[in-house]
Amino acid sequence: MTKARIDFDQLLKLRLVVARIGEMDLAKWWNTRGQLGRLGAAAIRRGFPRTHYFAQARSVFAVAAFRCREVFDPPQSVTLWHLPEAVEEEFEAHWERCLDQADAWKPFFLELEALKETEVKTALQSFNLITHDDSELFSRLRRSAEGRAVPLPGPFTSTNQDIASLALGFGRGEPGALAVPYARLDNA
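Residues numbered from 1 in each chain as written. Predicted model: local features only at pLDDT ≥ 70, side-chain atom pairs only at ≥ 80, totals over all residues. Heavy atoms only, no water.

1. Overview of the sheet that holds strand β1 (residues 77-78)
Hydrogen bonds along the backbone pair up the strands of a sheet, which may run parallel or antiparallel.
Part 1 of the reasoning: The sheet built from 3 strands is open, its strands ordered β1-β3-β2 with mixed pairing. The open sheet has two edge strands, β1 and β2 (149-151), and neither has a second partner.
Part 2 of the reasoning: For β2 and strand β3 (residues 180-184), the ladder comprises 3 bridges, and the chain directions are parallel. Each residue of the ladder has a partner; that of proline 151, found in β3, is tyrosine 182. (Pairing = 2+ DSSP bridges. Helix = DSSP H or I, 4+ residues; strand = E, 2+ residues; numbered from the N terminus.)

Below, the structure written as structure tokens:
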């Protein structure tokens, strides 16, 4: 296990908001349509009455990760959907704990279902998921020349700010034009 300084509730919420925004009924970045909205809840609830929100999320996360790799898959780097193996393992352990407390997550998922915002920064602010410092960093993020990527200014250091920046970087994309935020791994 790594000594990551990541708030895994925060990571889950950031992934959820970005995943919802990227769906076809909002920003059109990946091929899910309302899976994290009311339609997805209605379709999945019957098979997973207690954990349907997490089943919905798992499927959209998989599609988003695949689409991001398809658009831009930098070597020796991380994205919001592909963090270092040790961090992903800790996230999976956290995920299992969240499943055990599925009812506690219901208010967040209900708020997520109602999301209509396509501006990533605005949505993340409305969910209180970013700080003022995160917003400042966002102002310095730019899309790469080919428009498919958003490089973070420094190497990935497994902090909450790194995770927030990876989420915020999606805000440099446009509806129908995904730009994948990434950070280099420091392998020195």
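2. Looking at unusual backbone geometry
Part 1 of the reasoning: Even without being a glycine, lysine 28 presents a positive backbone phi close to 60°.
Part 2 of the reasoning: By the element assignment, lysine 28 lies in the loop between α1 (8-21) and α2 (38-45).
Part 3 of the reasoning: Take lysine 28: its relative accessible area is 44%, and that puts it in the partly exposed class. (Buried < 20%, exposed > 50% of the residue type's maximum accessible area, 1.4 Å probe, protein only.)

3. Points about the nonpolar core
Part 1 of the reasoning: With 63 residues, the main nonpolar core has Val17, Trp30, Trp81 and Phe170 as its most contacted residues.
Part 2 of the reasoning: Contributing elements (two or more residues each) for this core: α1, α3 (52-71), α4 (85-100), α5 (102-113), α6 (120-126), β2, α8 (160-168) and β3. (Core = buried A, V, L, I, M, F, W, Y, C linked by side-chain atoms within 4.5 Å.)

4. Some thoughts on the packing of α1 against α4
Part 1 of the reasoning: Remark: α1 packs on α4, axes separated minimally by 10 Å, with the N-to-C direction vectors making an angle of 90°. Overall, the two elements α1 and α4 adopt an arrangement that is roughly perpendicular. Touching Phe8, Asp9, Leu11, Leu12 and Arg15 of α1 are Val87, Glu88, Glu90, Phe91, His94, Trp95 and Cys98, all from α4.
Part 2 of the reasoning: A per-class count over the contact of α1 with α4 returns 7 nonpolar, 1 polar and 4 charged. (Axes fitted to C-alpha atoms, helices over the stretch in contact; angles between N-to-C directions. Parallel < 35°, antiparallel > 145°, perpendicular 65-115°, else oblique. Contact = heavy atoms within 4.5 Å. Nonpolar A, V, L, I, M, F, W, Y, C, P; charged D, E, K, R; others polar.)

5. Re the pattern of salt bridges
Part 1 of the reasoning: Taken as a whole, this structure holds 6 salt bridges when the rule is applied.
Part 2 of the reasoning: Between arginine 58 and glutamate 92 there is a salt bridge, with the nearest N and O atoms lying 3.0 Å from each other. Of the two residues, arginine 58 sits in helix α3 while glutamate 92 sits in helix α4, which places them 34 residues apart along the sequence.
Part 3 of the reasoning: Owing to a relative accessible area of 34%, arginine 58 belongs among the partly exposed residues under this scheme.
Part 4 of the reasoning: Classification of glutamate 92 as partly exposed rests on a relative accessible area of 30%.
Part 5 of the reasoning: With a closest N to O distance of 3.5 Å, glutamate 174 and arginine 143 form a salt bridge. Residue glutamate 174 is located in the loop between α8 and β3, and its partner arginine 143 is located in the loop between α7 (132-138) and β2; the two are separated by 31 residues in the primary sequence.
Part 6 of the reasoning: Its relative accessible area of 42% is what places glutamate 174 among the partly exposed residues.
Part 7 of the reasoning: Three or more residues joined by partner-sharing salt bridges are found here, namely Arg20, Glu23 and Asp25. (Salt bridge = Lys/Arg side-chain N within 4 Å of Asp/Glu carboxyl O.)

6. Describing the side chain of threonine 32
Part 1 of the reasoning: Secondary-structure assignment places threonine 32 in the loop between α1 and α2.
Part 2 of the reasoning: On the accessibility criterion, threonine 32 (8% relative accessible area) is buried.
Part 3 of the reasoning: Side chain to side chain, threonine 32 and glutamate 23 meet in a polar contact 2.8 Å long.
Part 4 of the reasoning: Not counting the four nearest positions on each side in its chain, threonine 32 is found in contact with Glu23, Met24, Val60 and Val63. (Polar contact = N/O pair within 3.5 Å; in protein donor to acceptor, adjacent residues only side chain to side chain.)

7. Some remarks on α4
The α-helix advances 3.6 residues per turn, and as a result positions three or four apart in sequence lie on the same side.
Part 1 of the reasoning: Across its 16 residues, α4 extends 23 Å between first and last C-alpha, which sits within 8% of the 22 Å expected from 1.5 Å per residue.
Part 2 of the reasoning: The complete set of buried residues in α4 reads Val87, Glu88, Glu90, Phe91, His94, Trp95, Cys98 and Leu99.
Part 3 of the reasoning: Taken together, the buried residues of α4 touch α1, α3 and α5. (Expected span 1.5 Å × (residues − 1).)

8. Examining the pairing of β3
Here is the key point about a regular strand: its side chains alternate between the two faces of the sheet.
Part 1 of the reasoning: Among the 5 residues in β3, 4 count as buried, and that is most of the element.
Part 2 of the reasoning: Across 2 bridges, β1 lies against β3 in antiparallel orientation. When the bridges of β3 are listed, serine 77 appears paired with arginine 184.
Part 3 of the reasoning: With respect to chirality, the unit in which β2 leads through α8 into the neighbouring parallel β3 is right-handed. (Right-handed = clockwise from strand over helix to strand, strands pointing away.)

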